[in-house]
Amino acid sequence: MGFFDTNDLFLEAAVDDQIDDVPPTAAQAIHIAKMEMLRVSREKNLRNVFPELQAGHSYHFISAGDVDAVSFLTMLIERHGPFDDFYGSTWTMSRQDCELLDRYLQDGLIKKITFFTGEYFAKRETSVYATLLKVVAKHGGRMRMFKNHCKLLLVENHAKQFWAVAEGSANFTTNPRTEQTTITPSRELYDFYKGWFEELLINANK
């Protein structure tokens, strides 16, 4: 079992309107299907402009509510995966993105997950937060919730000697706002953020 820090977990009513282990209503099912179709369309647009990443360069994206933040992970998996390690940090995220991470882990496209979230997520969206906890635990990953607002994505493919970091303003979810994302294929930057994440886990109970 991986590491879980739940000392600050709040148990309040969730904003998410679908309860775990309960089939969605017809209206919820339609909404989920529409969101998935929207994701596919947006990822097609992102795929058309996503560059060939080269070491020594950073790639900057501005989106206007037309890209799900996790779609950048999808692009990286398509071009450079599967990944031995994945580190993620977000303030909050959607149930659909939790389920997408689950599929990537099940399919071996991500082999190891370490994840960090904010206390708002655990306090106000408890059902989705519980879904993420289940996904991470199911795949033997590690997770910590704390006063966190960082949006980061780190991936490593050791066989290909590929490391990349995505830094941005967007949470791991689709929203209608303008967001920025910078992707840098860099071992040094990857190691910098990985070291910080690992320190957070080591110092969690101190």
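Scoring rules and cut-offs
- Residues numbered from 1 in each chain as written.
- Predicted model: local features only at pLDDT ≥ 70, side-chain atom pairs only at ≥ 80, totals over all residues.
- Heavy atoms only, no water.
- Phe/Tyr/Trp six-rings, centres within 6.5 Å; stacked < 30°, edge-to-face > 60°.
- Helix = DSSP H or I, 4+ residues; strand = E, 2+ residues; numbered from the N terminus.
- Buried < 20%, exposed > 50% of the residue type's maximum accessible area, 1.4 Å probe, protein only.
- Expected span 1.5 Å × (residues − 1).
- Contact = heavy atoms within 4.5 Å.
- Core = buried A, V, L, I, M, F, W, Y, C linked by side-chain atoms within 4.5 Å.
- pLDDT = per-residue confidence, 0-100.
- Pairing = 2+ DSSP bridges.
- Right-handed = clockwise from strand over helix to strand, strands pointing away.

1. Quick notes on the packing of aromatic side chains
Here is step 1 of the chain: Under the counting rule described, the total for this entry stands at 13 aromatic pairs.
Here is step 2 of the chain: Here the aromatic rings of Phe115 and Phe172 are separated by 5.6 Å at their centres, their planes lie at 85 degrees, and the arrangement is edge-to-face. Of this pair, Phe115 sits in strand β4 (residues 113-118) while Phe172 sits in the loop between β7 (162-168) and β8 (178-184), placing them 57 residues apart in sequence.
Here is step 3 of the chain: A relative accessible area of 0% means that Phe115 is categorised as buried.
Here is step 4 of the chain: Site record: aromatic cluster; members linked through ring pairs are Tyr87, Phe116, Phe146, Tyr190, Trp196 and Phe197.

2. Some details on the side chain of Arg144
Here is step 1 of the chain: Here Arg144 is to be found in strand β5 (residues 142-146).
Here is step 2 of the chain: On the basis of relative accessibility, which here comes to 13%, the residue Arg144 falls in the buried class.

3. Description of helix α5 (residues 126-138)
Here is step 1 of the chain: Between its terminal C-alpha atoms α5 stretches 18 Å, which fits the 18 Å expected from 13 residues at 1.5 Å a residue.
Here is step 2 of the chain: For α5, the full list of buried residues reads Thr126, Ser127, Val128, Tyr129, Thr131, Leu132, Leu133, Val135 and Val136.
Here is step 3 of the chain: Once α5 finishes, Gly140 follows within two positions and takes phi at roughly 65 degrees, a positive value.

4. Structural notes on the environment of Ala170
Here is step 1 of the chain: Note on placement: Ala170 falls in the loop between β7 and β8.
Here is step 2 of the chain: For Ala170, a relative accessible area of 11% corresponds to the buried category.
Here is step 3 of the chain: Placed 78 residues apart in sequence, Ala170 and Thr92 show a C-alpha to C-alpha distance of 9.6 Å.
Here is step 4 of the chain: Sequence-distant contacts of Ala170, defined by excluding residues within four places in its chain, comprise Ala69, Lys151 and Glu179.

5. Here we look at the nonpolar core
Here is step 1 of the chain: Core analysis: the biggest nonpolar cluster contains 40 residues, and Phe50, Leu73, Leu76, Phe86, Phe115 and Val155 have the highest contact counts within it.
Here is step 2 of the chain: The leading source of residues in this core is α5, at six residues.
Here is step 3 of the chain: Every residue in contact with Leu76, bar those within four places of it in the chain, is listed here: Phe50, Leu53, Gly81, Phe83, Leu153, Val155, Phe162 and Ala164.
Here is step 4 of the chain: In this structure, Phe116, Leu152, Trp163 and Leu201 belong to the second largest nonpolar core, which totals twelve residues.

6. Things to note about the confidence of the model for the chain
Where the model shows low pLDDT, its predicted coordinates should not be examined in detail.
Here is step 1 of the chain: Summary statistics for the chain give a mean pLDDT of 84 and a share of 79% for residues scoring 70 or more.
Here is step 2 of the chain: Least confident of the elements in the chain is strand β1 (residues 4-5), whose mean pLDDT is 45; most confident is strand β6 (residues 152-157), at 98.
Here is step 3 of the chain: Ignoring residues within four places in sequence, the model shows residues 1-19, a span with pLDDT below 50, making 51 contacts including any to other chains.

7. What to know about the pairing of strand β3 (residues 85-90)
Here is step 1 of the chain: Most of β3 is tucked away, with six of its six residues classed as buried.
Here is step 2 of the chain: Side chains Asp85, Tyr87 and Ser89 of β3 all project onto a buried face; the interleaved residues Phe86, Gly88 and Thr90 project onto the opposite face, where all are buried too.
Here is step 3 of the chain: Judged from the five bridges that link them, β3 and β6 form a sheet pairing that is antiparallel. Across the sheet, Gly88 pairs through a bridge with Leu153, a residue of β6.
Here is step 4 of the chain: Here β3 pairs with β4 via five bridges, running parallel. Within β4, the residue paired with Ser89 across the bridge is Phe116.
Here is step 5 of the chain: For the crossover from β3 across helix α3 (residues 95-106) to β4, the handedness is right-handed.

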